[in-house]
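# Notes for the structure review
Take a look at the letters that make up each chain.
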Amino acid sequence: MSRTHFFPLWACLLLLACQPVDTPLTATPAPTVSASPSPTTAPTPQPTLTPEPEPLARRVIILSIDGLRPDAIPLAPMPNLMALMQTSAYSLSAQTIHPSATLPAHVSMLSGQCPAKHGVDWNDYTPEKGFAQVTDIFDLAHAAGMQTVMYVGKEKLRQVIEPESADIFEYINDRDLVITERLIENFPADFDLLFIHFPTADWMGHVYGWLSGEQLSVLFRADQALGNLLAELDARGIREETLIIVTSDHGGHGMIHGSSLPEDMTIPWIAFGAGIQPVALTSAVTTTDTAATVAYALNLSIPVEWDGVPVYEAFGLPIEEISRGCK
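Residues numbered from 1 in each chain as written. Predicted model: local features only at pLDDT ≥ 70, side-chain atom pairs only at ≥ 80, totals over all residues. Heavy atoms only, no water.

## A few points about the sheet that holds strand β8 (residues 279-280)
Through backbone hydrogen bonds, the strands of a sheet pair up, either in parallel or in antiparallel fashion. Note the threshold: Think of it this way: DSSP has to see at least two bridges between two strands before they count as a pair. A helix here means a DSSP run of H or I that spans at least four residues, while a strand means a run of E at least two residues long, and both kinds are numbered starting from the N terminus. Any two residues having at least one pair of non-hydrogen atoms within 4.5 Å are treated as being in contact. Axis definition: a line fitted to C-alpha atoms, over the contacting stretch in the case of helices. Angles run 0 to 180 degrees between N-to-C directions.
The strand order across the open sheet formed by eight strands is β4-β3-β5-β1-β6-β7-β2-β8, and the pairing between neighbours is mixed. Each of the sheet's edge strands pairs with one partner strand only, and the pair in question is β4 (168-171) and β8. In the sheet, strand β2 (residues 89-95) pairs with strand β7 (residues 266-273) via five bridges, with the strands oriented antiparallel. Opposite Ala89, over in β7, you have Ala271 as the bridge partner. Here helix α11 (residues 289-297) sits on the sheet and contacts β1 (59-65), β5 (193-198), β6 (242-247) and β7; the angle it forms with β6, its principal contact strand, is near 175°.

Next up, the structure:
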């Protein structure tokens, strides 16, 4: 083949060699579209449970010394009570209700209400009249699952509260020392609210007169009974967690009480133990404040219809409300 014919052939072959080889088409994957992250959903806030405040006292004792005038305390004398006053919040000018009589006064003491509301206007044991039909501190404590106990020296005090509100009720027609002895013998170890009533000073007042030697001598015995009670609390290791209020239903003059005279109306109000700050109280105190103070110490809601208010000053707190007393 001549050179002139070879060159075109070589050029054609070269052109063919330079053509791209057909290869299978591979599908190019579609670009992945990343979804924008959805905003994080905030968790639903859970309600914050505010813990219930701890009660100021694990348990409360109310000791009512029937017919105790404040000026009889040093005259008797009552050394245990006078010693306790050094570490107490106390008033020697607290006021009871009018009429200054045992049954209506104790209803006011435990119900926080004046006689016009609680309706107990009799002063003898009268079963047919039933029980005080008001919400009292025993109702509140019992409804809260607390153990409630009453030891009393006068049968008419059965009518102060409804029977179902007291887990234990004992009527002992005897002297204060015997009542305390019986209580200690059958001590309710798990009590939360204990009411004790000493009757003897009132009995002696009616027979021999208020501030008579005979009455003062039994008040000295009542003080011994108080000492025995405190010793029992110490032996059981529960005194520090116990709030104790020593008070009275009324005073007296001559051989009677029930009037609006200061001698009949003025009562002691002495609180010591758990939660109490020692102070001679400057705020006015009435017997209706006793129930409210106990409810406050046990962290129980105080009914709006109560006339009494807690004695805040006894706990070292500002005086939030002034006791209204009873007209």
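## Observations regarding the confidence of the model for the protein chain
Any segment with low pLDDT has predicted coordinates that should not be analysed in fine detail. Basically, it comes down to this: Confidence of the predictor in every single residue is expressed as pLDDT, which spans 0 to 100.
Mean pLDDT over the protein chain stands at 88; residues scoring 70 or higher make up 84%. This stretch, residues 1-42, has a pLDDT under 50; its non-local contacts, to residues over four places away or in other chains, come to one contact.

## Observations regarding the packing of aromatic side chains
As a reminder of what qualifies: Centres within 6.5 Å make a pair out of two Phe, Tyr or Trp rings, where for Trp the six-membered ring is used; the pair is then stacked when the planes are under 30 degrees apart, edge-to-face when over 60, and tilted otherwise. Buried, partly exposed and exposed residues are distinguished by accessible area as a fraction of the type maximum, computed with a 1.4 Å probe on protein chains only: under 20%, between the cut-offs, and over 50%, respectively.
In the structure shown here, the tally under the stated rule is three aromatic pairs. Plain terms: the ring middles of Phe187 and Phe191 are 5.9 Å apart, the flat faces sit at 80° to each other, and that makes the pair edge-to-face. Phe191 shares its class with Phe187; the two are buried. Judged by centre distance (5.3 Å) and plane angle (55°), the ring pair of Tyr296 and Phe315 falls under tilted. One end of the pair, Tyr296, is in helix α11; the other, Phe315, is in the segment after α11, with 19 residues separating them in the sequence. Look at Tyr296 and you get partly exposed, because its relative accessible area is 27%.

## Some thoughts on the nonpolar core
Quick reminder of the rule: The set of buried Ala, Val, Leu, Ile, Met, Phe, Trp, Tyr and Cys residues whose side-chain atoms join them within 4.5 Å is what this entry labels a nonpolar core.
In this structure, Leu110, Ile137, Phe195 and Trp269 are the most contacted members of the largest nonpolar core, which totals 46 residues. No other element matches the five residues that α11 contributes to this core. With residues near it in sequence (within four places) discarded, Leu110 still touches Ile62, Asp136, Ile137, Phe138, Met150, Val160, Phe195 and Ala291. Counting 36 residues, the second largest nonpolar core, distinct from the first, contains Ile65, Leu216, Leu219 and Val246.

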